[in-house]
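Listed here are the chains, written in short residue letters.
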Amino acid sequence: MNILKNKINIGLIALSVITASGCDDSAFLRESPDSSYAIENVFKSSNQVNQVVTSCYEKVRDIFCTSAPMQFSPRHFYMGSNGTDMFDVPNGRDAQNMNDYSKLAADYDIYKQVYNNFYNLVSQANLAISAAEEVTWDSEDDKTQTLAEAHFFRAYAYMNLGELYGGVPLVKERITGPRYDFQRSTRVETYQLAIDDLENYALALPETHAEAGRLVKGAVQHYLCQLYIDKGVALQEEGQDGAESFRKAKEYADAVIDGGIYHLMTNRFGTRQHENPVYYYATSIQEKTPEHTYEAAGVHIEGNVYWDLFQEGNQDYQSGNTEAIWVAQMSLDLCQQGYGANRMAHSCNYSPVARDVQGELMGSMEDVGGEGVTAVMPTYYTRDVIYEGKWADDIRNSEAAFRRTFVGNQKNGQYYGKVVPWDVLHKVQNGVRDRQAETYLFPISCKIATDKYSGYIAGIDGSYSFLYRDDYLVRLPETLLLRAEAKWRLGDNAGAAADINKLRERAQCSYMVTASDVNLDLILDERARELVYEEHRWNTLLRMGGTVAIDRIKKYAYWDVARTSLANKNFNLWPIPQSVIDTNKDVVLKQNPGW
């Protein structure tokens, strides 16, 4: 069994006396041990320091990989890119809509939770960095590797904070008491601290690791590419030249892409490489027979390499996936032992509610994407616009990868065992689709659902809500898209087109990019095709600067309220949480423009 999966769950009780609680707004960077032990007496061995680093892995997984049904928790709305050009909320969840700016303000809970989560990660990383100097190590190499991981996590936190909030207070040491005098840095300074952490420490990480999920140099180089693009854009916003930063970004991307370690997966592979997806229009296990398959209903779904990428057991580099750079670890076995964080509730939070459509579909089985409650749903841009005119010309939009076909599974229904017509599914009246109904019914991505729920097979309650596959944090296609962006910013449109075409070739597209096609919108569109449900879209849009985020939200948002409420709004950052500003009583923390 993967050692990291065990480490993340075992020993965390001991860590409760040395890691930050993250609940006190008055000291959001303070270590708060709930114990009679003094913090300086806790660290006696290097193993204890490594436990703190392990808790950083857990924190990242906690932020980005939803582990429980959280339709009423803010955390997954950020991961799910709610309110961007790509995702919104369904009808009936307008109270949780992130693009009605008549309601959103600096005290909105999502802004606060995300801010606190990343500072909690800073706190844990600083604790490990400080404690590493207080204990005896078996070797300098062991210490170097632990410090490399700790500095990586601090850099990762500040990169996210800089992209979302701009210049933030920079804290590089362990804080053991309350402070109310934090001062904001500039956005460039925030990015530079992250760059320094990665270049001066984290590049010491090994190129490969025997243990799945552990950080490697490729992840460091990937984020250095992203950070140098971020820095270059921020410099340009200040009226300075960003070209040297963009050149550095390209160099780090070159090291990942051309270094000989990582390659796009182009042939079928892994645990199900000889299979096609198999769906049943069945409402019980007894009905899962050949005559109840979609195939029997005339719907043949062909597996492909893109579908293979998201099948359980296929995510790790150690298992032969050469485009996996950094992967969060999940485990069905550990969930069965009571460690519930080892699973993703993607099918609950992001799958459609097909059972509510016209009474033609029902249940919560594989054929309707599992036990969906649809807390976040794709906009028309994500589900339709980026594929218009080329529906069958991209395996990322194939029935295996982004399924649009449903077979009726209600026994007394008119379409039982038959393909439900488009007009029926989408309640088309006089040629017009029902926009409200379509918020609960949309294409099902292979990234959020499966035709083979291992939890269901193992007899776990609520198993149609959860996936037990590992979850990508960095995949090579994103590095290619970052390099394409860097090349475009340097004026090398032909080079950018060549990188995008590498992805289109793998996707078996006939439509290729030419140099004259390349612009920022095209790059963002390709990110949407390749990285749907993987990308942190708020980071992407906000790090672009200017009016990119607002312009695209107004153009592609599902609900009209985005356009009306943004009419007089001007922002390219999330707000600093109002509670942080109010509590920092000794120094004024200036709010971001537009809030």
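Going by the structure above, here's the rest.
Keep in mind it's a predicted model, so treat the numbers as computed, not measured. (Residues numbered from 1 in each chain as written. Predicted model: local features only at pLDDT ≥ 70, side-chain atom pairs only at ≥ 80, totals over all residues. Heavy atoms only, no water.)

J.: What exactly am I supposed to notice about the nonpolar core here?
T.: Most often, soluble globular proteins have nonpolar side chains that are buried together. Ranked by size, the top nonpolar core spans 179 residues in total, and within it Tyr78, Phe152, Phe153, Tyr165, Trp326 and Trp574 carry the most contacts. Residue contacts for tryptophan 326: discarding those within four places in its chain leaves Tyr57, Val60, Phe152, Phe153, Tyr156, Gly213, Leu215, Ala219, Tyr223, Tyr472, Leu473 and Val474. Counting residues in each nonpolar core, the second largest holds seven residues, with Cys335, Cys348, Ile460 and Tyr468 among its members. (Core = buried A, V, L, I, M, F, W, Y, C linked by side-chain atoms within 4.5 Å. Buried < 20%, exposed > 50% of the residue type's maximum accessible area, 1.4 Å probe, protein only. Contact = heavy atoms within 4.5 Å.)

J.: Looking at this model, I keep getting lost on the side chain of lysine 487. Mind explaining?
T.: Take lysine 487: it is sitting in helix α17 (residues 476–489). Since its relative accessible area comes to 9%, lysine 487 is described here as buried. (Helix = DSSP H or I, 4+ residues; strand = E, 2+ residues; numbered from the N terminus.)

J.: Help me understand helix α21 (residues 548–556), please; the structure alone is not making it clear to me.
T.: Side chains that are three or four residues apart share a direction in an α-helix, a result of its 3.6 residues per turn. If you check which residues of α21 are buried, you get Val548, Ala549, Ile550, Arg552, Ile553 and Tyr556. In this fold, the buried residues of α21 make contact with α14 (380–383), α19 (520–531), α20 (537–543) and α22 (561–565).

J.: Could you clarify how one ought to interpret the pattern of salt bridges in this entry?
T.: Opposite charge on two side chains permits pairing when their charged atoms draw close. Going through the model one piece at a time under the given rule, you end up with 48 salt bridges. A salt bridge links arginine 174 to glutamate 134; the nearest nitrogen and oxygen atoms lie 3.3 Å apart. Taken together, the residues arginine 174 in the loop between α7 (140–165) and α8 (187–200) and glutamate 134 in the loop between α6 (109–131) and α7 connect sequence positions 40 residues apart. Looking at glutamate 134, the relative accessible area reads 38%, which means it is partly exposed. One salt bridge in this structure joins glutamate 535 and arginine 527, with 2.7 Å as the shortest N-O distance. Residue class for arginine 527 comes out buried when judged on its relative accessible area of 1%. (Salt bridge = Lys/Arg side-chain N within 4 Å of Asp/Glu carboxyl O.)

J.: What am I meant to see in the packing of aromatic side chains here?
T.: To describe a pair of aromatic rings, you give the distance between the ring centres and the angle between the ring planes. Evaluation of the coordinates by the stated rule reveals 35 aromatic pairs. An aromatic cluster of at least three residues, connected via ring pairs, comprises Tyr101, Tyr108, Tyr111, Tyr115, Tyr119, Tyr158, Tyr165, Trp538, Phe571, Trp574 and Trp595. Over the aromatic face of phenylalanine 466 sits the side chain of arginine 343, whose NZ or CZ is 3.7 Å from the ring centroid. Across the ring face of tyrosine 558, the terminal group of arginine 435 is positioned such that the distance to the ring centre comes to 4.5 Å. (Phe/Tyr/Trp six-rings, centres within 6.5 Å; stacked < 30°, edge-to-face > 60°. Lys NZ or Arg CZ within 6 Å of the ring centre and 35° of its normal.)

J.: What am I meant to see in the pairing of strand β6 (residues 471–475) here?
T.: Most of β6 sits inside the fold, with five of its five residues counted as buried. The pairing of strand β2 (residues 324–328) with β6 spans four bridges and is antiparallel. Bridge pairing in β6 places alanine 328 opposite aspartate 471. (Pairing = 2+ DSSP bridges.)

J.: Explain empty space enclosed by the protein to me, please; I cannot follow it from the model alone.
T.: Taking a probe equal in size to a water molecule and rolling it over the atoms shows the remaining empty space. Under the defined criterion, the tally for this structure stands at nine cavities of 30 Å³ or more. The calculated volume of the largest cavity comes to roughly 300 Å³. Lining the largest cavity are 27 residues, and of these Leu473, Glu478, Glu534, Glu535 and His536 lie nearest its centre. Mapped by element, the contributors of at least two residues to the lining of the largest cavity are α7, α9 (217–237), β6, α19 and α20. No other element matches the five residues that β6 contributes to the lining of the largest cavity. Counted by class, the lining of the largest cavity contains 11 nonpolar, six polar and 10 charged residues. Put simply, the second largest cavity is a space of about 130 Å³. For the second largest cavity, the lining is made up of 14 residues, of which Arg214, Tyr317, Gln318, Ala324 and Ile325 are closest to its centre. (1 Å grid on protein atoms, 1.4 Å probe; cavity = no way out; pocket = protein on both sides within 12 Å on 5 of 7 lines; lining within 4 Å. Points joined across faces, edges and corners; volume = space filled by probe spheres on them. Nonpolar A, V, L, I, M, F, W, Y, C, P; charged D, E, K, R; others polar.)

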